Amino acid sequence: MSTVEERSYVEAARREKRAALEARGVPAFAYRYERTHTAAEALSAYRDEMAEAGPRVRIAGRLDRLGSHGKTTFGHLEDPSGRIQVYFRQDALGEGYEIVGLLDLDDHIGVEGTLFRTKKGEITVRAEAVTMLAKSLRPLPRGKTQQTESGPVSYGDLQDPEVRYRQRYADLAVHPEVRQIFVLRAMVVAFIRRFLDQRGFLEVETPVLQPLYGGAAARPFITHHHTLDMPLYLRIADELYLKRLLVGGFERVYEIGHDFRNEGMDRTHNPEFTMLEVYQAYADYGDMMSLTEALVCEVVEHCLGTKAIERFGTTLEFTAPFPRVKFVEAIRDRAGVDLASASEDEMRRVLVRAGGEHETAQALAGGRLVDEVFKTFVEPHLIQPTFVVDYPKALSPLAKEHRTDPSLTERFELFVGGRELANAFSELNDPDDQRRRFEDQVQQRAQGDAEAHSYDADYIRALEYGMPPAGGMGLGIDRLVMLIADRPSIRDVILFPAMRPEGT
């Protein structure tokens, strides 16, 4: 019998058991159940001096193990707190024991009874009542064997990452350690909110659907609003709306929300991702550096209990101050290219010598070419938490010009493990300078750069009303969770990552 045939056989048998339950007047899917204890609470409630007179409990969960021996059956019931053994006896349950005979692994049931300790020392619930809560019509791929009338059947386990991501519900049900990743993610987000709230920042919400997209260099997703008969874009960043709020009189704002970029997918990129963006009036990128440093150090310590963690084959030290590396100097030291004098052809030749494809290098120009040199030669060496500072103006259309070098901007990015984690500016608040930057981006778009920034006339108008000097920072929540949870792929920390349709 093939695996597919085995599964079909077992699923048919489960549906027959459902029919048998309902024929006895037992609903296969209940409305509710009054639970008094979780599995962990029940285990904690028992004391050895209680002997056979342990407390009475009502527990509920999924059957993780089930084995019958004539008029007795043992099983394990699992809930998010853990698992506990259940002991079913025909003489204790009477006609209710018929329900036990119609149970399968993965069924959700409720059990009422008293606690005792078996001869093997396991704290167990002696069942006096069993309630069917939800019949499992499809066996979870637990990697275990179930005895059937045709012999033992194994359903394999969730070894294929593609299957685990696609069927996250099964992955979560089978792997408690995966559930813990998302508990950890919730801890990270909750800590960030407390951290910022305590410093006087106000959490706000800005539009996800936007008539113009901006705040980053990225390709958007496009949709259409039928009533207004106009295109709308899923936001690629929150930045321009948050800075409008600075114009409006809010001095410290932040948003934790989803952004969308219609770009490639890899271990660190998903089309839908979660960003933190923070803006503070009367601050600059130096203030944002201090804020970012404190936030990252404290969230790592909060979640892991230490500021020194083992990652990427080394010990990462999350202790302020992080090293600072200047963008131009880093490229000169690693690639042997002086951005002040090097031609674009020279930079393309450097990329090709490093193993890049000639045609790909020839297609790069301007800021994208400089960025590719940086990614190729510098990023892989930024393992310890490191701030790269003072980026060329061509790479930073929304950042304020550097106060000592007009070819640069006051911008930093935080790297850990060779990955960008955060990006921040002294925010550009001169509307005339911003207008020129937007116009330059429009020219780059006309020359074929699909990721160049759009011209946002309303944002220019907002700046003309006057935006105070400000610092802004964006931090990738997904990548931060990857770091803290020690997971290699962004799909590991997103509950339902983007996937191709099944069968393609």
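Summary of the structure given here.

Cut-offs applied
- Residues numbered from 1 in each chain as written.
- Predicted model: local features only at pLDDT ≥ 70, side-chain atom pairs only at ≥ 80, totals over all residues.
- Heavy atoms only, no water.
- Helix = DSSP H or I, 4+ residues; strand = E, 2+ residues; numbered from the N terminus.
- Rg over C-alpha atoms; globule rule 2.2 N^0.38 Å.
- Buried < 20%, exposed > 50% of the residue type's maximum accessible area, 1.4 Å probe, protein only.
- Areas by Shrake-Rupley, 256 points an atom, 1.4 Å probe, with all protein chains shown as cover.
- Lys, Arg positive; Asp, Glu negative; His and termini not counted.
- Charge placed at Lys NZ, Arg CZ, Asp CG, Glu CD.
- Pairing = 2+ DSSP bridges.
- Salt bridge = Lys/Arg side-chain N within 4 Å of Asp/Glu carboxyl O.
- Phe/Tyr/Trp six-rings, centres within 6.5 Å; stacked < 30°, edge-to-face > 60°.
- Lys NZ or Arg CZ within 6 Å of the ring centre and 35° of its normal.
- Arc of directions from axis to C-beta.
- Contact = heavy atoms within 4.5 Å.
- Axes fitted to C-alpha atoms, helices over the stretch in contact; angles between N-to-C directions.

**Some details on the overall build of the protein chain**
Part 1 of the reasoning: Assigned secondary structure in the protein chain consists of 16 helices and 20 strands.
Part 2 of the reasoning: For the protein chain, whose C-alpha radius of gyration is 29 Å, the value lies well above the compact-globule estimate of 23 Å for 504 residues.
Part 3 of the reasoning: In the protein chain, buried positions account for 49% of the 504 residues.
Part 4 of the reasoning: Of the roughly 24,500 Å² of accessible surface on the protein chain, 50% is carried by carbon and sulfur atoms.
Part 5 of the reasoning: Each charge sign in the protein chain was given a centre, from 64 positive and 80 negative side chains, and these centres are 5 Å apart.

**Describing the pairing of strand E2 (residues 72–79)**
Part 1 of the reasoning: In terms of burial, E2 is a largely internal element, 7 of the 8 residues being buried.
Part 2 of the reasoning: Inspection of the sheet shows strand E1 (residues 56–69) paired to E2 by 7 bridges, in the antiparallel sense. The partner of Arg65 across the bridge, within E2, is His76.
Part 3 of the reasoning: In sequence, E1 turns back onto E2 through a hairpin of 2 residues, with Gly70 there showing a positive phi of about 70°.
Part 4 of the reasoning: Of the pairings in the sheet, the one linking E2 to strand E3 (residues 82–89) comprises 8 bridges and is antiparallel in character. Along E3, the bridge assignment pairs Gly75 with Val86.
Part 5 of the reasoning: Counted along the chain from E2 to the antiparallel partner E3, the turn is 2 residues long.

**Re the pattern of salt bridges**
Part 1 of the reasoning: Enumeration over the complete set of coordinates arrives at 41 salt bridges.
Part 2 of the reasoning: The residue Glu11 makes a salt bridge to Arg138 at a minimum N-O spacing of 3.9 Å. Here Glu11 is found in helix H1 (residues 3–23), whereas its partner Arg138 is found in the loop between strand E5 (123–134) and strand E6 (145–148), with 127 residues between them in sequence.
Part 3 of the reasoning: Judged by its relative accessible area of 18%, Glu11 is buried.
Part 4 of the reasoning: Judged by its relative accessible area of 57%, Arg138 falls in the exposed class.
Part 5 of the reasoning: For Arg35, the salt bridge is made with Asp79, and the minimal N-O distance between the two is 3.7 Å. With Arg35 in the loop between H1 and helix H2 (39–45) and Asp79 in strand E2, this residue pair connects regions lying 44 residues apart in the sequence.

**Observations concerning the packing of aromatic side chains**
Part 1 of the reasoning: Scanning the entire structure with this criterion turns up 13 aromatic pairs.
Part 2 of the reasoning: The rings of Phe318, Phe322, Phe387 and Phe412 are connected pair by pair, giving a single aromatic cluster.
Part 3 of the reasoning: Arg58 extends its terminal NZ or CZ atom over the ring of Tyr33, reaching a point 4.4 Å from the ring centre.

**Here's the deal with helix H10 (residues 327–335)**
Given 3.6 residues per helical turn, the α-helix brings residues three or four places apart onto the same face.
Part 1 of the reasoning: The set of residues buried in H10 consists of Phe327, Ala330, Ile331 and Ala335. Axial view of H10: buried residues confined to an arc of 95°, hence all on one face.
Part 2 of the reasoning: Buried residues along H10 sit against strand E16 (324–326), helix H11 (344–353), helix H13 (366–377) and strand E17 (386–389).
Part 3 of the reasoning: Following H10 by one or two positions, Gly336 has its phi on the positive side, about 70°.

**Some details on the sheet that holds E1**
Part 1 of the reasoning: Spatially, the 5 strands close up into a barrel ordered E1-E2-E3-E5-E4, and their pairing is mixed. Neighbour-to-neighbour, the strand axes of this sheet turn through a mean angle of 55°, independent of strand direction.
Part 2 of the reasoning: With 3 bridges joining them, E3 and E5 adopt parallel strand pairing. Considered in E5, the bridge of Gln85 is made with Thr124.

**Describing the side chain of Glu410**
Part 1 of the reasoning: As for its position among the elements, Glu410 is in the loop between E17 and strand E18 (411–416).
Part 2 of the reasoning: Ignoring any residue separated from it by four or fewer positions in sequence, one finds Glu410 in contact with Tyr285, Ala399, Lys400, Glu401, His402, Arg403, Ala424, Phe425 and Ser426.

**Some remarks on the environment of Asp440**
Part 1 of the reasoning: With respect to the helices and strands, the residue Asp440 is situated in helix H14 (residues 431–446).
Part 2 of the reasoning: Separated by 21 residues in the primary sequence, Asp440 and Arg461 place their C-alpha atoms 18 Å from one another.

**Here we look at the environment of Thr114**
Part 1 of the reasoning: On the secondary structure map, Thr114 appears in strand E4 (residues 108–117).
Part 2 of the reasoning: On the basis of relative accessibility, which here comes to 15%, the residue Thr114 falls in the buried class.
Part 3 of the reasoning: In this structure, the C-alpha to C-alpha distance between Thr114 and Arg56, residues 58 residues apart in sequence, is 4.2 Å.
Part 4 of the reasoning: Apart from the residues lying within four places of it in its own chain, the contact partners of Thr114 are Gly54, Pro55, Arg56, Thr124, Val125, Arg126 and Glu128.

**Side note on the pairing of strand E14 (residues 308–311)**
Part 1 of the reasoning: By the alternation rule, side chains of E14 split into Ile309 and Arg311, which are all buried, and Ala308 and Glu310, of which none is buried.
Part 2 of the reasoning: Pairing geometry for E14 and strand E15 (residues 314–317), over 4 bridges, is antiparallel. Its bridge partner being in E15, Ala308 is matched across the sheet by Glu317.
Part 3 of the reasoning: The antiparallel pairing of E14 with E15 creates a hairpin that spans 2 residues between the two strands, and Phe312 there sits at a positive phi of about 55°.

**Here's the deal with the sheet that holds strand E13 (residues 272–281)**
Part 1 of the reasoning: Spatially, 8 strands are ordered E8-E12-E13-E20-E19-E18-E17-E16 in an open sheet, and the strand pairing comes out mixed. Looking at strand neighbours, the two that pair on one side only are strand E8 (202–203) and E16, the edges of this open sheet.
Part 2 of the reasoning: Sheet topology note: the E17/E18 ladder contains 4 bridges and is antiparallel. In the sheet register, Thr386 faces E18, and the bridge partner there is Phe415.
Part 3 of the reasoning: Against the sheet, helix H8 (residues 239–247) makes contact with strand E12 (252–260), E13, strand E19 (419–426) and strand E20 (470–476), and its axis sits at roughly 25° relative to E13, the strand it touches most.

Just distances and angles here, no functional claims.
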